Amino acid sequence: MMSPADSGRYFVDDEPALAAKLDQFLSTLATDLGAQPWREDVAALVLAGGYGRGEGGVFRASEKAEADLYNDLEFFLFLKSGASTPPAAAWCERWERDGTVKLGIDVEFKRDAATGLQHGAPTMFLYDLLQGHRVIWGDPGCLARAPARLRDPAAIPAEEATRLLFNRGSGLWFAQMKLAADAIDELGFVERNQQKAKLAMGDAVLALSGRHHAMCEERDRRIASGGFATPPDWAKLVAWHDEGTAFKLRPRHRATGLEHLKASQTALVAAWLKTFLWVEGRRLDHVFTQPLDYVAWDRRLFPNRARWRNVAVHARDRFKRGEMLRAVTDYPRATLQRALVAALVDGTAAGARCMGVTATDFDTTYARWWARYN
């Protein structure tokens, strides 16, 4: 059976008007990039993410309403060896601004050296990118030449499952702040992040078992089939993954109100904490009986990363940004993970203590560091 990515579609359903809108935008991007004096520095411009794989979300305010884009539009600009970065960075920043205004969704560009496709370590992102993407400009074989190890789901390290849960747990925290403020106009944001968490818990367990897949519907089938180790309350996570899959492909805001979303938030946070501790326990070969055991654990959370490299990363943060996180011999995300768990269990003050900041500053400080190390 041909997947949407194989058929050259952006969505699982036929949406001709919306597809034409994306086609026109991508054509404009390609024309503009081809007119740049530094274009010879570019190996390829690639559409990644859900729209690149053919599983982009299509939103309708009601069943009869006009279809619209929903997910972020994610691009990767691969540069040749020795390319000058500033012109490419300025071009990406311009199109992030202009594209966001034009399309009404967040448009994001990431840059990397094309050599990273040959020598990079396996990650969930690279695996998904290689399995489904669309080359907008440049060498169509740029990604096809990537080595087999980057296409092997069993080669994705356990740290990637942790990273996925960390990102979606952070989304739950940001949603919790909206709910605490009774932000009626942010209910769509809350529901979106709750649905992402529903997907992530099952996806992280699947990735940890070496059975990750780029396509959301295939992951859903594998999760339902089982045959691998699972965390507590697995039946609930399977049902939630079904819901999350449906929302990802055809997002609809149910307008269920603050109280319903607050109740959902409580259940999701409790399940996320159990799942996160289970995944981390398997990754680190240690049993965490309760969340605060994880926060107080006196070992490095990223033991496979060289201490000197971690120190160098912290020193770079101090030099470039004028600030750095605690635990300089561990990777910076370690402090953020501890802070996230503490905040979800005991609130802002507990998260702030982990980061060495005041409770008043925690939300903005955490969001700033998360944007750097998500």
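Just so it is clear, the structure is predicted and the values come from calculations on it, not from any experiment.

Visitor: Which residues make up the pairing of strand β4 (residues 73–79), and what are the values?
Guide: Put simply, side chains in a regular strand alternate between the two faces of the sheet. Counted residue by residue, β4 has six buried out of seven residues, so it is predominantly covered. Pairing between strand β1 (residues 42–47) and β4: five bridges, direction antiparallel. Each bridged residue has a counterpart across the sheet, and for A44 the counterpart in β4 is F78. Looking at chain direction, β4 and strand β5 (residues 107–113) are connected through seven bridges and run parallel. By the bridge assignment, F78 is partnered in β5 with D112. One crossover worth recording links β4 to the parallel β5 by way of helix α3 (residues 85–103), and it is right-handed.

Visitor: Go over the sheet that holds β1 with me, naming the residues and quoting the values.
Guide: Spatially, four strands are ordered β5-β4-β1-β6 in an open sheet, and the strand pairing comes out mixed. Whereas interior strands pair on both sides, the edge strands pair on one side only; in this sheet they are β5 and β6 (134–138). Sheet twist, expressed as the average angle between the axes of neighbouring strands with direction ignored, equals 20°. The sheet contacts of helix α1 (residues 16–34) involve β1, β4, β5 and β6, and relative to β6 the element is tilted by about 25°. Along the sheet, α3 makes contact with β1, β4 and β5, crossing β5 at roughly 160°.

Visitor: Before we move on, can you summarise the side chain of E160 with the specific residues and values?
Guide: As for its placement among the helices and strands, E160 is situated in helix α6 (residues 158–180). Although E160 is buried, it forms no salt bridge, and the closest oppositely charged side chain is R163 at an N-O distance of 4.1 Å. Among the polar contacts listed, one links the side chain of E160 to the backbone nitrogen of M124, at a separation of 2.9 Å. When neighbours within four sequence positions are excluded, E160 is seen to be in contact with T123, M124 and F125.

Visitor: Before we move on, can you summarise the packing of helix α12 (residues 307–321) against helix α15 (residues 359–373) with the specific residues and values?
Guide: Direction vectors running N to C along α12 and α15 enclose 120°, while the axes themselves pass 14 Å from each other. The orientation of α12 relative to α15 falls into the category oblique. In this structure, α12 meets α15 at a crossing whose hand is right-handed. For the pair α12 and α15, contact is made by V313, R316, D317 and R321 and by W369, R372 and Y373, respectively.

Visitor: Help me get a handle on the pattern of salt bridges, residues and values and all.
Guide: Throughout the structure, instances matching the rule amount to 20 salt bridges. A salt bridge links R305 to E159, with the shortest nitrogen-to-oxygen separation between them at 2.4 Å. In this pair, R305 sits in the loop between α11 (291–296) and α12 while E159 sits in helix α6, placing the two residues 146 residues apart along the sequence. Among the ionic pairs, R316 bridges to D317, the shortest N-O distance being 4.0 Å. Given a relative accessible area of 40%, R316 falls into the partly exposed group. Since its relative accessible area comes to 0%, D317 is described here as buried.

Visitor: Could you give an account of the confidence of the model for the protein, naming the residues involved and the relevant values?
Guide: The share of residues in the protein with pLDDT of 70 or more is 98%, and the mean pLDDT across the chain is 93. Looking at the elements of the protein, mean pLDDT is at its lowest for helix α4 (residues 116–119), recorded as 84, and at its highest for helix α13 (residues 333–346), recorded as 98.

Visitor: So, the packing of aromatic side chains: which residues are in play, and what are the values?
Guide: In this structure the tally under the stated criterion is 24 aromatic pairs. A ring pair is formed by Y10 and F11, whose centres lie 5.8 Å apart and whose planes are at 55°; its orientation type is tilted. Taking relative accessible area as the criterion, Y10 reaches 3% and is therefore assigned buried. Ring geometry for F76 against F78: centres 4.8 Å apart, planes inclined by 15°, an arrangement best described as stacked. Neither residue differs from the other here; F76 and F78 are each classed as buried. Feature note: the residues F25, W38, F75, W91, W95 and F109 constitute an aromatic cluster, connected by ring pairs. The lysine or arginine in question, R283, covers the ring of F302, its NZ or CZ lying 5.0 Å from the ring centre. Cation over ring: R372 sits above W369, and NZ or CZ is 4.5 Å from the ring centre.

Visitor: Just give me the short version of the environment of D128, but keep the residues and values in it.
Guide: Along the chain, D128 falls in helix α5 (residues 124–131). Separated by 145 residues in sequence, D128 and L273 have C-alpha atoms that sit 26 Å apart. Leave out the neighbours within four places in its chain, and D128 touches R53, H212, H213 and A214.

Visitor: I'd like a rundown of the nonpolar core, residues and numbers included.
Guide: Core analysis: the largest hydrophobic core is formed by 59 residues, its most contacted members being W173, M201, W272, L336, M355, F362 and Y366. Residues F25, F59, C92 and I105 belong to the second largest nonpolar core, which totals 35 residues.

Thresholds, definitions, all that
Residues numbered from 1 in each chain as written. Predicted model: local features only at pLDDT ≥ 70, side-chain atom pairs only at ≥ 80, totals over all residues. Heavy atoms only, no water. Buried < 20%, exposed > 50% of the residue type's maximum accessible area, 1.4 Å probe, protein only. Helix = DSSP H or I, 4+ residues; strand = E, 2+ residues; numbered from the N terminus. Pairing = 2+ DSSP bridges. Right-handed = clockwise from strand over helix to strand, strands pointing away. Axes fitted to C-alpha atoms, helices over the stretch in contact; angles between N-to-C directions. Contact = heavy atoms within 4.5 Å. Lys, Arg positive; Asp, Glu negative; His and termini not counted. Salt bridge = Lys/Arg side-chain N within 4 Å of Asp/Glu carboxyl O. Polar contact = N/O pair within 3.5 Å; in protein donor to acceptor, adjacent residues only side chain to side chain. Parallel < 35°, antiparallel > 145°, perpendicular 65-115°, else oblique. Left-handed = near helix turned anticlockwise from the far one by under 90°. pLDDT = per-residue confidence, 0-100. Phe/Tyr/Trp six-rings, centres within 6.5 Å; stacked < 30°, edge-to-face > 60°. Lys NZ or Arg CZ within 6 Å of the ring centre and 35° of its normal. Core = buried A, V, L, I, M, F, W, Y, C linked by side-chain atoms within 4.5 Å.

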